[in-house]
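# Commentary on secondary and tertiary structure
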Amino acid sequence: MNVRIEQSWKNALADEFGKPYFAQLVRFLHEEKAAGQRIFPPGSQIFKAFDLTPVSELKVVILGQDPYHGFGQAHGLSFSVPDGVPAPPSLKNIFREIETDLGIRMSGRPNLEKWARQGVLLLNAVLTVRSGAPASHSRKGWEEFTDAVIRYISDNCEGVVFLLWGNFARSKSALIDRSRHHVLEAAHPSPLARGAFFGCRHFSKTNALLTSQGRTPIDWIL
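Here's what I pulled together on the structure shown here.

The rules we used
- Residues numbered from 1 in each chain as written.
- Predicted model: local features only at pLDDT ≥ 70, side-chain atom pairs only at ≥ 80, totals over all residues.
- Heavy atoms only, no water.
- Helix = DSSP H or I, 4+ residues; strand = E, 2+ residues; numbered from the N terminus.
- Buried < 20%, exposed > 50% of the residue type's maximum accessible area, 1.4 Å probe, protein only.
- Polar contact = N/O pair within 3.5 Å; in protein donor to acceptor, adjacent residues only side chain to side chain.
- Contact = heavy atoms within 4.5 Å.
- Salt bridge = Lys/Arg side-chain N within 4 Å of Asp/Glu carboxyl O.
- Phe/Tyr/Trp six-rings, centres within 6.5 Å; stacked < 30°, edge-to-face > 60°.
- Lys NZ or Arg CZ within 6 Å of the ring centre and 35° of its normal.

### Regarding the side chain of Ser136
Mapped onto the fold, Ser136 is located in the loop between strand E4 (129–130) and helix H7 (142–156). With a relative accessible area of 17%, Ser136 lands in the buried category. In terms of polar contacts, Ser136 uses its side chain to reach the backbone amide nitrogen of Arg130, at 2.9 Å. Dropping the residues within four chain positions of it, Ser136 is found in contact with Phe28, Val129 and Arg130.

Dropping the structure here:
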């Protein structure tokens, strides 16, 4: 398969693209489309997180679970939706925490591309979903692929700040070398967590960690 993905990531993950599980994943996606299923995000945006955040610019990883399954929501970045689409509840809570943590006012703009272009890899563990069916593409191969992404970052980058929100994301901490990277854990920003996410201060903590390494902090304001 000729995967459409930013070149540094294509080079880094070349071995994964050649493995049997990935070929099986591609076959599954083709079968879904042949059966008339609508898949989100659109094919050109499946690897958008990688396209906007090359390996050399990577500073932060925010790990989500799978894409939004509503029409027009998913565009390849975890927690993000395109401009003009209402911010989902989890994203609203993320903005609320940023405002409290940093003492700033967010515009409510739900498109997180600005973060991605500063080195924040907005990575979902599963990169596609069937319309209206959350987790419908889980256990089809994407998790093996994105686990390999996390391991690659752990083994080949330095000083990356991983933000792991909720039990699913926190389960990935075993893949990360904490002697080389920073891992910040918190409850999920979903309203189902009953506000446990609030007060984590991950945005100021991330910038303090980046600054301590002599790296430019993230401008979280949207």
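### Brief notes about helix H9 (residues 202–212)
Along H9, the residues that are buried comprise His202, Phe203, Ser204, Thr206, Asn207 and Leu210. Downstream of H9 by one or two residues, Gly214 has phi in the positive range, about 80 degrees.

### Focus: the pattern of salt bridges
Inspection of every chain in the model, using the stated rule, returns eleven salt bridges. A salt bridge links Lys114 to Asp219, with the nearest nitrogen and oxygen atoms 3.1 Å apart. Linking Lys114 in helix H6 (residues 113–116) with Asp219 in the segment after H9, this pair joins segments that are 105 residues apart in sequence. Taking relative accessible area as the criterion, Asp219 reaches 34% and is therefore assigned partly exposed. Across the pair Arg170 and Glu185 runs a salt bridge, and its minimum N-O distance is 2.9 Å. Residue Arg170 is found in helix H8 (residues 166–170), and its partner Glu185 is found in strand E6 (residues 182–186); the two are separated by 15 residues along the sequence. With relative accessibility at 33%, the residue Arg170 sits in the partly exposed group. Residues joined in a network through salt bridges with shared partners are Lys48, Glu113 and Arg117.

### What to know about the packing of aromatic side chains
For the structure on display, the rule yields 21 aromatic pairs. Linked through ring pairs, Trp9, Phe17, Tyr21, Phe22, Phe47, Phe50, Trp142, Phe145 and Tyr152 together constitute an aromatic cluster. In this structure, Arg96 packs its charged tip against the face of Phe198, placed 4.1 Å from the ring centre.

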